[in-house]
Amino acid sequence: MGSEHTQKLPLIDFNNLNFEAKNPNWELVKSQVYKALVEYGCFEAIFDKVPLDLRKAIFTSIEELFDLPLETKLLNVSNKPYDGYIGQYPVVPLYESMAIEDANILEKVKSMTNILWPDGNKNFSETIHSFSEELIELDQIIRKMILESLGVEKYLEEHMNSTNYRLRAMKYKGPQTSDTKVGLTPHTDKNFVTILYQNQVEGLEMMTKDGQWISYKPSSGSFVVVLGDSIHAWSNGRLHSPFHRVMMSGNEARYSAGLFSTPKGGYIIKAPEELVDEEHPLLFKPFDQAEFLKYYHSREGARDRFAIRTYCGV
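As the structure is a computational prediction, the values presented were derived from the model and not from experiment.

Visitor: Is there a simple way to think about the pairing of strand β8 (residues 193–198) in this case?
Guide: Each regular strand displays side chains that alternate between the two surfaces of the sheet. Burial within β8 is extensive, with 6 of its 6 residues counted as buried. Burial along β8 is two-sided: the face carrying Val193, Ile195 and Tyr197 and the face carrying Thr194, Leu196 and Gln198 are both buried. Where β8 lies against strand β11 (residues 222–227), 4 bridges are found, and the strand directions are antiparallel. Directly across from Ile195, in β11, lies its bridge partner Val225. Sheet topology note: the β8/strand β13 (residues 254–263) ladder contains 6 bridges and is antiparallel. Residue pairing for β13: Leu196 is matched across the bridge by Gly258.

Visitor: Would you mind going over the environment of Tyr155 with me for this structure?
Guide: By the element assignment, Tyr155 lies in the loop between α5 (122–150) and α6 (156–161). Apart from residues no more than four positions distant in its own chain, Tyr155 is found in contact with Leu147, Pro272, Glu273 and Glu274.

Visitor: For this particular structure, what's the right way to read the environment of Met206?
Guide: By the element assignment, Met206 lies in strand β9 (residues 204–207). Remark: the alpha-carbon pair of Met206 and Leu65, spanning 141 residues in sequence, is separated by 27 Å. Those residues in contact with Met206, other than ones at most four positions away along the chain, are Leu9, Cys42, Gln212, Trp213, Ile214, Val226, Pro242, Phe243 and His244.

The rules behind the values
- Residues numbered from 1 in each chain as written.
- Predicted model: local features only at pLDDT ≥ 70, side-chain atom pairs only at ≥ 80, totals over all residues.
- Heavy atoms only, no water.
- Buried < 20%, exposed > 50% of the residue type's maximum accessible area, 1.4 Å probe, protein only.
- Helix = DSSP H or I, 4+ residues; strand = E, 2+ residues; numbered from the N terminus.
- Pairing = 2+ DSSP bridges.
- Contact = heavy atoms within 4.5 Å.

So, in structure tokens, the structure goes:
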């Protein structure tokens, strides 16, 4: 199915909002967030709290990361699937990525950095940490608005404490042709919330509920917020987890950084009882996301378009 260019992602302005204190625009923005996440599962966010120099620095750092020799990048390994260095995959030959666990904890970032740069790389570590810290505030504002919209804000502290944060750096090489090539195959995210920031190279596409693709045209001042399967299940299906993909053409590389709020291992994801009733019967059995990921990354799960339903659907 071809790209659909007539639709745009909802655009929501988060400036002058913060997690601790509500301002007069809180209720208006909250209603916009909830509507967008029910209808699209994603939206474009304006959040000027991330300074311009930090926005520029994150791309400098990502380019520096992927410019390292392949043998150096391969030193970053993980016992979690797809959390170390990813590259050289025949099905997505344009794609490279590397995950940085606990990106909001400077010492953890430094430990990962020292694997790739044995003498350390202060600018890289501090940029990754600072950028993650800024986006965590946006993540928490959004999740607070979600819980309030659903009338389950009494679970807010538990929900916030249930997550870790991972920053994933990504590069998509230009295919050196005007023909469109797959950068990343269609998929849903598996976490709670993803916040993406990218350079000016187009490629990201989001699927609507009726199967149309929306091409995202990036601006230097905005982020893309995408919901994952974990919060889709936790909300008992009220919030949408959209398929998305990357389609590349031309010569320029697309660089992006994604902050992922991810359920901690051992935390059981289950819909609050307030979200289950006769009109909204339970859709998903309680599950541990770490165990779900084992299925998703299995040979069977990798071919399963709706893995969350197969794994724990009622």
